Amino acid sequence: MNGNIVINGNAHINAVIYATGNVTISGQVEVVGGIGAAGTITLNGTTAKANPLDPSQIEDTDFGDYCIPGSPPPNGQLIHHYELEYSDSPLTCQAEPITVKACANEACDQLITGNVTATMVKTPLGKGGWSPSANLSFADGVTTVDLRHNDETPINISVSGSIPSNTNPTLCSIAGGTPSEANCTLSFARSGFIMEIPNTPANKLVENVLLKAVKEGEPGRACVPLFSGTKESINFQSSHLTALPDGIISHADVSVNDKPINQSGEAPTPIEVSFDANGEAFIKVHYADAGKVAVKAEYAGRDGTEQEGLVISKTSTFVSYPAGFCVDASAQCEAGDASCPVFKKAGETFELSIKAMAWDSGAGTNLCDNPVTPSYEHAGIDLSPVLRAPSGGVLADLGVVRYDHKSDANAETKVNQSVSEVGVFEITAKAPATYLGANVDIQGTSKPIGRFVPAQFSVSGTSVMPACVAGDFSYMDEPFTLNMTVDAQNVAGGRTLNYFGDFAKGSGNWVAVNNRDGDSLSSRMSAQTPLTWATGRAQVTQKPQFSRPAAPLADGPYEQLEVGTQIVDNDGNHATLASPDMADSVVGDCATSTPNECDAKRLGMTHLRQGRLVLTNTYGPEDVELRMPVVAEYWVDNRWQTNTLDGCSLITRPNLGKSSSDSATGYRYAPELATDESVTRGNSGGAILSGQSELIWTGAGGYRGQVTAPLELSDTPWLRWYWNWNDSSAPTLQNPRASAYFGTYRGNDRVIFWREVN
């Protein structure tokens, strides 16, 4: 608008107000939006210089929802109503503190969380005012402002010009009592008591509470003592401003100077109080339970004295709150490490007890032995874990992270709690920072709880790789490759990252069965090496062996050998195998026929053969190479046959290990080599193809004779056999051996008789 804008009266305006001049607002006016002016902005008498205004920019401004009827305020909240709280005896000789609350609901147990601006109104004006200012700006829903009124004439107080706006009238509370509109009319007295009892932990004696009787010295001046150096009888009463919880027989008594005082509705309790020359007395107040409590002190002037007919009183409210929580589970382990016995599976529910405890002078940090506070009720208690072990682990997730503490004769609330991780933990309970309007620090931490262990082991990423990939088989006693990933998991199936070190005890066993025939072959699998756990996972690549049958037997082949793994926790069998689908002693598929009997996880299928390497004697002239056949055989149909699948085995040590006879190692030279004679043996590449290869013998120096020698198979011991070269009674796996004959013609297998003639 070009010019000035003046708004007064009662109005609710959704707008962005721009003026090239001044903006003046007074009365019950609420503006949801914004105000800009080239001149000044005056709100209910307070003037501020505005920021410079550029009207040319208004046309290009996006005002969002400000100008839409019924649009919400900027922070998304409306104030249900304001509550103002003051004492029951405001005095003309001092400022009265007024607590201002911006309530988000009718009960005012929820406050506005955003920024609030408002103007305090006192009717009629004059004879005092607001300090430091009637214009308030605050956050988190509560603030305090002082009100001075130098006359006994009743006044009315309220809130005006609120942003966000309030949808209901202002209510007022006297000394923590029930708020109402009528209570917003108050009177200031020229004499009375000053008494302020601080908020205190329950059961803790509050000493040196100032009780001072004062009167107005001169109109508008400071207070002066009403009593000086006298002992007076003061009547005391208490009121409990929090409702009596169910199950609580009665509220605890409030004591003043070690004497229990009656509650409101009963005759007040008289107590002699000594006032010093400054009119001050110091009293002791004690309350054992939690809650909001009011203590009223009243004096009636005695007949025949200058105070005859004078009645003054003061009510002071204070909050008594728990000193802390006793947090307890059924199993606690002081050691706090892997030596703790198993308590629960990770993610398994257990009962957690939280008790609200009073203060005790001799308790130290052990709150669990303190008295309880049965009346304590508080919503939004936070629960959080503290990791004790393992070192370097992660925090767990709690199943319940917040609960509402309910009043109880034992001050106890029980929570069905769970801990998602492996390890030993403490659990801390911490109340919100305010309780019944008081700033508090109420918390407590349990002793070490645990040990928590995995609920199950999950096996994934499985594969079986034969030793001879080209032929898709492995020999018995030959290492083949198994891969798998094992995760330790909680009840919900999440990996427990703290399962490592001393907390990880899980190990595995290989299982095997051929064609699911129910005839277990697991005993012939070599032992599974220990699992290496890191962050709840074992990455496994192992090379087990499937052993031959007992010597000197032969069996197989096992063309559909299923290999699997069992995982055991070695910790009381608390953790099971997730989704087992194999059982070596069950005929058929256990997962479909007898799922309860499945006890292993299938990794895959492979082909096993029992094999050996066979050498055949070779013959020929002394001056040519002799070629000795080498054949890889396997047992099938009760006999040995060439293993045509073998294209993988290597002859790595073809050379002769001796140049003279040695019966212990199977070498025989007939005759022995002369000085200028030699015999060597080698091969061409060393690989077996389709189950066959050859050794190449070469004589030098004209050697004629027989050389018998073994082929060293220390690199492929699974190709040895029970040859029993030495006629030993004990069957022993030995290297194959054969003879090469130099200077001897073997002849043709199809010739029955042959003779050389001249």
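Scroll up a little and you will see the structure.
Description of the structure in this document. All residue numbers refer to positions counted from 1 along the written sequence of the respective chain. This being a predicted model, a pLDDT of at least 70 is required before a residue's local features are given, and a value of 80 or more before pairs of side-chain atoms are given or counted; all residues contribute to the totals for chains, interfaces and linings. Side-chain measures here rest on the full set of heavy atoms in the structure, leaving out hydrogens and waters.

Here we look at the overall build of the chain
Okay, so step 1: Counting from the N terminus, the helices are the DSSP runs of H or I reaching at least four residues and the strands are the DSSP runs of E reaching at least two. The helix and strand inventory of the chain stands at 1 helix and 54 strands.
Okay, so step 2: The cut-offs for exposure are 20% and 50% of the maximum accessible area for each residue type, with area from a 1.4 Å probe on protein chains only; residues under the lower value are buried, those over the upper are exposed, and the others partly exposed. Sorting the 758 residues of the chain into buried and exposed places 46% on the buried side.
Okay, so step 3: Here the contacts in the chain between residues at least 6 apart in sequence split such that 68% fall between residues at least 24 apart.
Okay, so step 4: Only the protein chains shown count as covering a residue, and every accessible area follows the Shrake-Rupley method with a 1.4 Å probe. Carbon and sulfur atoms make up 47% of the accessible area of the chain, which totals about 35,700 Å². Here, two residues are considered to be in contact whenever any of their heavy atoms come within 4.5 Å of each other.

Describing the state of the cysteines
Okay, so step 1: Disulfide: a pair of cysteine sulfur atoms within 2.5 Å of each other. Per the stated rule, a full pass over the model turns up 7 disulfides.
Okay, so step 2: Between C333 and C340 runs a disulfide, and the two sulfur atoms are separated by 2.0 Å. Measuring handedness by torsion sign, the sulfur bridge of C333 and C340 sits at about -85 degrees and is left-handed. C340 carries the same exposure label as C333, and that label is buried.

Concerning empty space enclosed by the protein
Any space left empty among the atoms is revealed by the rolling of a water-sized probe across them.
Okay, so step 1: Only protein atoms enter the calculation, which uses a 1 Å grid: trapped sets of points that fit a 1.4 Å probe without letting it out are cavities, open sets showing protein on both sides within 12 Å along at least five of seven lines are pockets, and any residue with an atom within 4 Å of a point is a lining residue. Grid points are joined across faces, edges and corners, and a volume is the space filled by probe spheres set on the points. Enumeration over the complete set of coordinates arrives at 2 cavities of 30 Å³ or more.
Okay, so step 2: By volume, the largest cavity amounts to about 60 Å³.
Okay, so step 3: Around the largest cavity, the lining residues are V513, R516, E562, D581, M582, A583, V586, G588, D589 and C590.
Okay, so step 4: Residue type decides the class: Asp, Glu, Lys and Arg count as charged, Ala, Val, Leu, Ile, Met, Phe, Trp, Tyr, Cys and Pro as nonpolar, and the leftover types, Gly among them, as polar. The class makeup of the residues in the lining of the largest cavity is 5 nonpolar, 1 polar and 4 charged.
Okay, so step 5: Forming the walls of the second largest cavity are E83, L84, E85, T99, K101 and S173.
Okay, so step 6: Breaking the lining of the second largest cavity down by element, the ones donating at least two residues are β7 (81-86) and β8 (96-103).
Okay, so step 7: By residue number, the principal contributor to the lining of the second largest cavity is β7, which donates 3 residues.
Okay, so step 8: Looking at the lining of the second largest cavity residue by residue, the class counts come to 1 nonpolar, 2 polar and 3 charged.

Some words on the packing of aromatic side chains
Okay, so step 1: Working definition: rings of Phe, Tyr and Trp (its six-membered ring) pair if their centres are within 6.5 Å, and the pair is stacked with planes under 30 degrees apart, edge-to-face with planes over 60 apart, and tilted otherwise. Applying the stated criterion across every chain yields a total of 19 aromatic pairs.
Okay, so step 2: Pairing F343 with F350 gives two aromatic rings, centres 5.2 Å apart and planes at 65 degrees, and the pair type is edge-to-face. Of the two residues, F343 and F350, both sit in the buried class.
Okay, so step 3: A connected cluster of aromatic rings, assembled from ring pairs, spans F343, F350, F425 and F452.
Okay, so step 4: Whether a charge sits over a ring depends on NZ of Lys or CZ of Arg being within 6 Å of the ring centre and within 35 degrees of the ring normal. The cationic tip of K344 hangs over the ring face of F343; the distance from NZ or CZ to the ring centre is 5.9 Å.
Okay, so step 5: Here R609 stacks its cationic end above the ring of Y634, 3.8 Å away from the centre of that ring.

Details of the sheet that holds strand β25 (residues 291-300)
Okay, so step 1: What makes two strands pair is DSSP finding at least two bridges between them. Spatially, 5 strands are ordered β17-β26-β25-β20-β23 in an open sheet, and the strand pairing comes out mixed. Strands with a single pairing partner mark the edges of an open sheet, and in this sheet they are β17 (200-201) and β23 (269-274).

Some points on the sheet that holds strand β27 (residues 324-329)
Okay, so step 1: A sheet is described by the order of its strands in space; here 3 strands give the open sequence β27-β29-β32, paired in antiparallel fashion. Bordering the open sheet on either side are β27 and β32 (412-417), each of which pairs with just one other strand. Averaged over neighbouring strand pairs, the angle between their axes works out to 25 degrees when direction is ignored.
Okay, so step 2: Sheet analysis places strand β29 (residues 350-357) next to β32, joined by 6 bridges and oriented antiparallel. In the sheet register, K355 faces β32, and the bridge partner there is E412. Fitting a line to C-alpha atoms yields each axis, with helices limited to the stretch in contact; the angle taken between N-to-C directions then spans 0 to 180 degrees.

Things to note about the pattern of salt bridges
Okay, so step 1: By convention in these notes, a salt bridge is any Lys or Arg side-chain nitrogen within 4 Å of a carboxyl oxygen on Asp or Glu. Applying the stated criterion across every chain yields a total of 29 salt bridges.
Okay, so step 2: Where D487 meets R537, a salt bridge forms, and the shortest distance between an N and an O atom there is 2.7 Å. With a gap of 50 residues between them, D487 in strand β40 (residues 481-489) and R537 in strand β42 (residues 537-542) connect regions that are remote in the sequence.
Okay, so step 3: For R537, a relative accessible area of 28% corresponds to the partly exposed category.
Okay, so step 4: A salt bridge links E625 to R627; the nearest nitrogen and oxygen atoms lie 3.7 Å apart.
Okay, so step 5: On the accessibility criterion, E625 (47% relative accessible area) is partly exposed.
Okay, so step 6: Overall, R627 belongs to the partly exposed group, its relative accessible area being 43%.

Points about the environment of G647
Okay, so step 1: Its place among the elements puts G647 in the loop between β49 (639-642) and β50 (668-670).
Okay, so step 2: The class for G647 is partly exposed, based on a relative accessible area of 37%.
Okay, so step 3: In this structure, the C-alpha to C-alpha distance between G647 and A687, residues 40 residues apart in sequence, is 7.2 Å.
Okay, so step 4: Residues in contact with G647, not counting those within four places in the same chain, are C468, I688, L689 and S690.

Focus: the pairing of strand β31 (residues 402-405)
Okay, so step 1: The alternating pattern of β31 places Y403 and H405 on a buried face and R402 and D404 on a face that is not buried.
Okay, so step 2: Pairing analysis gives 3 bridges linking strand β30 (residues 378-389) to β31, with the strands arranged antiparallel. Of the residues in β31, the one forming a bridge with H378 is H405.

As for the side chain of Q528
Okay, so step 1: On the secondary structure map, Q528 appears in the loop between β41 (507-514) and β42.
Okay, so step 2: For Q528, the contacting residues outside a window of four places in its chain are M484, G508, N509, W510, Q542 and T565.

A word on the pairing of strand β9 (residues 116-123)
Okay, so step 1: Across 4 bridges, β9 lies against strand β11 (residues 135-138) in antiparallel orientation. The partner of V116 across the bridge, within β11, is F138.
Okay, so step 2: Direction of pairing for β9 relative to strand β13 (residues 155-163): antiparallel, over a ladder of 6 bridges. Residue V121 lies in a different strand from β13, and its bridge partner there is S158.

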